[in-house]
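Inside the fold
Spelled out, the chains give:
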Amino acid sequence: MHTDLSGKTFVVTGATSGIGFAVAELLARQGAAVIGVGRSAERCRQAEAHLRRLPAGAPVHYLLADLSVQSEVQRLAGEIRGQLEADGKSWLDGLVNNAATFTYWLALTPDGIETQWAVNHLAAFALTRRLLPLLLAAPAARVVTVSSDSHYGARLDWDDLQLRRRYNALRAYGNTKLANVLFTLELNRRLGPDASLRAFAADPGLVKTDIALKGNPAVARWVWKLRRSGGVPPEQAALGVVSLLAEPNLGGSGEVYWKDGRPKRPSRRALDIEAAARLWQVSEQMCDEVEA
């Protein structure tokens, strides 16, 4: 798949390794300007240098942010706006909410939010909301949030969304991936069928990434290494994500969940419009409470 994306600008979170880096590279190879986001200054520098050496010569900038912290998400949105202005653009063509984490033990962010919930769902929700004016100013923008088949079987507990009372790492991860699909469903509902902006949730499949190798106990790292051995390389998963950004004929699609560039039926709970609306309201309250 090669589409000429010259003149378009995309933001990719979690863009220093794994799926995010592969997406950023594929976009840059197709001529798009890329604003990558990472939490390590050194890895951001390395990724930026690599992408700038590509033959397409597309503009590449990396921004530093810890997406587990809401004030960092707010600052990041401002820096993205500033980078677009510096590049002479008043709109954004696409946002890939890819950043994710897996924490074996219950861990709270500086904002007091469970870490997986904060990074995997709330950061995507907050960053998308802050960038909406820029996305809506584009001729045909896309928001792609990387979900997972881990959302099948997940069920949100509205009395304990962050699972603080009975934390289970795999359940917490699955719940955030369910939240990704519900967020996408509600965003499209709020935009309406005729909006220039469409949102999609992408299932990348089982991918060989390092998501469970950082800061987790040895047994969790061993299990993930064993499991990911049967996965696809990040470059293959990136193809499906980029197709949702680049394929012009998807704008009118009512499908919300996609894998390998094709629609896939999500779980029944992921299509619950009442739950989607409720999650949006709860997420807004969480963001507002942190900012207060």
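Residues numbered from 1 in each chain as written. Predicted model: local features only at pLDDT ≥ 70, side-chain atom pairs only at ≥ 80, totals over all residues. Heavy atoms only, no water.

Some details on the packing of aromatic side chains
- Here the structure, examined in full by the defined rule, presents seven aromatic pairs.
- Relative to tryptophan 280, the ring of phenylalanine 125 has its centre 5.0 Å away and its plane inclined at 80°; by these criteria the two rings are edge-to-face. Of this pair, phenylalanine 125 sits in helix H4 (residues 115–136) while tryptophan 280 sits in helix H8 (residues 273–291), placing them 155 residues apart in sequence. Taken as a pair, phenylalanine 125 and tryptophan 280 share a single burial class, namely buried.
- Taking the centre distance of 6.2 Å and the plane angle of 85° together, the rings of tyrosine 152 and tyrosine 257 count as edge-to-face. Taken as a pair, tyrosine 152 in the loop between strand S5 (142–146) and helix H5 (169–191) and tyrosine 257 in strand S7 (residues 257–259) lie far apart in primary sequence, 105 residues in all.
- Note on tyrosine 152: relative accessible area 32%, which makes it partly exposed.
- Taking the relative accessible area as the measure of exposure, tyrosine 257 reaches 0% and is therefore buried. (Phe/Tyr/Trp six-rings, centres within 6.5 Å; stacked < 30°, edge-to-face > 60°. Helix = DSSP H or I, 4+ residues; strand = E, 2+ residues; numbered from the N terminus. Buried < 20%, exposed > 50% of the residue type's maximum accessible area, 1.4 Å probe, protein only.)

Re the packing of helix H1 (residues 18–29) against helix H7 (residues 234–246)
- Where H1 meets H7, the axes come as close as 8 Å, and the angle between the chain directions of the two elements is 60°. Relative to H7, the element H1 is oriented oblique. Between H1 and H7 the crossing geometry is right-handed. Within the contact between the two elements, H1 uses Gly18, Ile19, Ala22, Val23, Leu26 and Leu27 and H7 uses Pro234, Glu235, Ala237, Ala238, Leu239, Val241, Val242 and Leu245.
- The residue inventory of the contact of H1 with H7, partitioned by class, reads twelve nonpolar, one polar and one charged. (Axes fitted to C-alpha atoms, helices over the stretch in contact; angles between N-to-C directions. Parallel < 35°, antiparallel > 145°, perpendicular 65-115°, else oblique. Left-handed = near helix turned anticlockwise from the far one by under 90°. Contact = heavy atoms within 4.5 Å. Nonpolar A, V, L, I, M, F, W, Y, C, P; charged D, E, K, R; others polar.)

Observations regarding H1
- With twelve residues, H1 should reach 16 Å at 1.5 Å per residue; the first-to-last C-alpha distance of 17 Å fits that figure.
- Extensive coverage of H1 is indicated by the burial of ten of its twelve residues.
- Buried residues of H1: Ile19, Gly20, Phe21, Ala22, Val23, Ala24, Glu25, Leu26, Leu27 and Ala28, and no others.
- Those residues of H1 hidden inside the fold are in contact with strand S1 (9–13), strand S2 (33–38), helix H2 (41–52), strand S3 (60–64), strand S4 (94–97) and H7. (Expected span 1.5 Å × (residues − 1).)

A word on the sheet that holds S2
- If you walk across this open sheet you meet the eight strands as S3-S2-S1-S4-S5-S6-S7-S8, and the pairing is mixed. The sheet is open, and its two edges are formed by S3 and strand S8 (262–263), each paired on a single side.
- Note that strand S6 (residues 198–203) and S7 share three bridges and pair parallel. Opposite alanine 202, over in S7, you have tryptophan 258 as the bridge partner.
- The sheet strands contacting H1 are S1, S2, S3 and S4, and the helix crosses S1 at an angle near 165°.
- Against the sheet, H5 touches S4, S5, S6 and S7, its axis set at about 160° to S6. (Pairing = 2+ DSSP bridges.)

A short note on the environment of arginine 166
- Within the element layout of this structure, arginine 166 appears in the loop between S5 and H5.
- Taking the C-alpha atoms as reference points, arginine 166 and leucine 106, separated by 60 residues in sequence, lie 9.3 Å from one another.

Re the pattern of salt bridges
- Counted according to the given criterion, the structure contains eleven salt bridges.
- Where glutamate 42 meets arginine 45, a salt bridge forms, and the shortest distance between an N and an O atom there is 2.7 Å. One end of the pair is glutamate 42 and the other is arginine 45, both in helix H2 and three residues apart, which spans about a single turn.
- When its relative accessible area of 39% is taken as the criterion, glutamate 42 is described as partly exposed.
- In this structure, the salt-bridge partner of glutamate 186 is arginine 190, at a minimum N-O distance of 2.8 Å. Of this pair, glutamate 186 and arginine 190 both sit in helix H5, four residues apart, roughly one helical turn.
- Taken together, the shared-partner salt bridges connect Glu72, Arg75 and Glu79 into one network. (Salt bridge = Lys/Arg side-chain N within 4 Å of Asp/Glu carboxyl O.)

Describing the side chain of aspartate 160
- Mapped onto the fold, aspartate 160 is located in the loop between S5 and H5.
- Look at aspartate 160: it is buried, it has no salt bridge, and the nearest opposite charge is arginine 165 at 4.3 Å.
- Within the structure, aspartate 160 has its side chain in polar contact with the backbone nitrogen of arginine 164 (distance 2.9 Å). (Lys, Arg positive; Asp, Glu negative; His and termini not counted. Polar contact = N/O pair within 3.5 Å; in protein donor to acceptor, adjacent residues only side chain to side chain.)

Describing the side chain of glutamine 162
- Position of glutamine 162 relative to the elements: it lies in the loop between S5 and H5.
- Among the polar contacts made by the side chain of glutamine 162, one reaches the main-chain amide nitrogen of glutamate 114 at a distance of 2.8 Å.
- Excluding its chain neighbours within four sequence positions, the residues that come into contact with glutamine 162 are Gly112, Ile113, Glu114, Trp117, Tyr167 and Met286.

Some thoughts on the nonpolar core
- Counting 52 residues, the largest nonpolar core has Leu76, Ile80, Trp117, Leu127, Leu131 and Leu135 as its most contacted members.
- The leading source of residues in this core is H4, at eleven residues.
- Those residues within four positions of leucine 135 in sequence are excluded, and the remaining contacts are Leu92, Asp93, Gly94, Leu95, Thr128, Ala141, Arg142, Val143 and Leu197.
- If you look at the next biggest cluster of nonpolar residues, it comprises 34 residues, including Ala24, Val34, Ala47 and Leu54. (Core = buried A, V, L, I, M, F, W, Y, C linked by side-chain atoms within 4.5 Å.)

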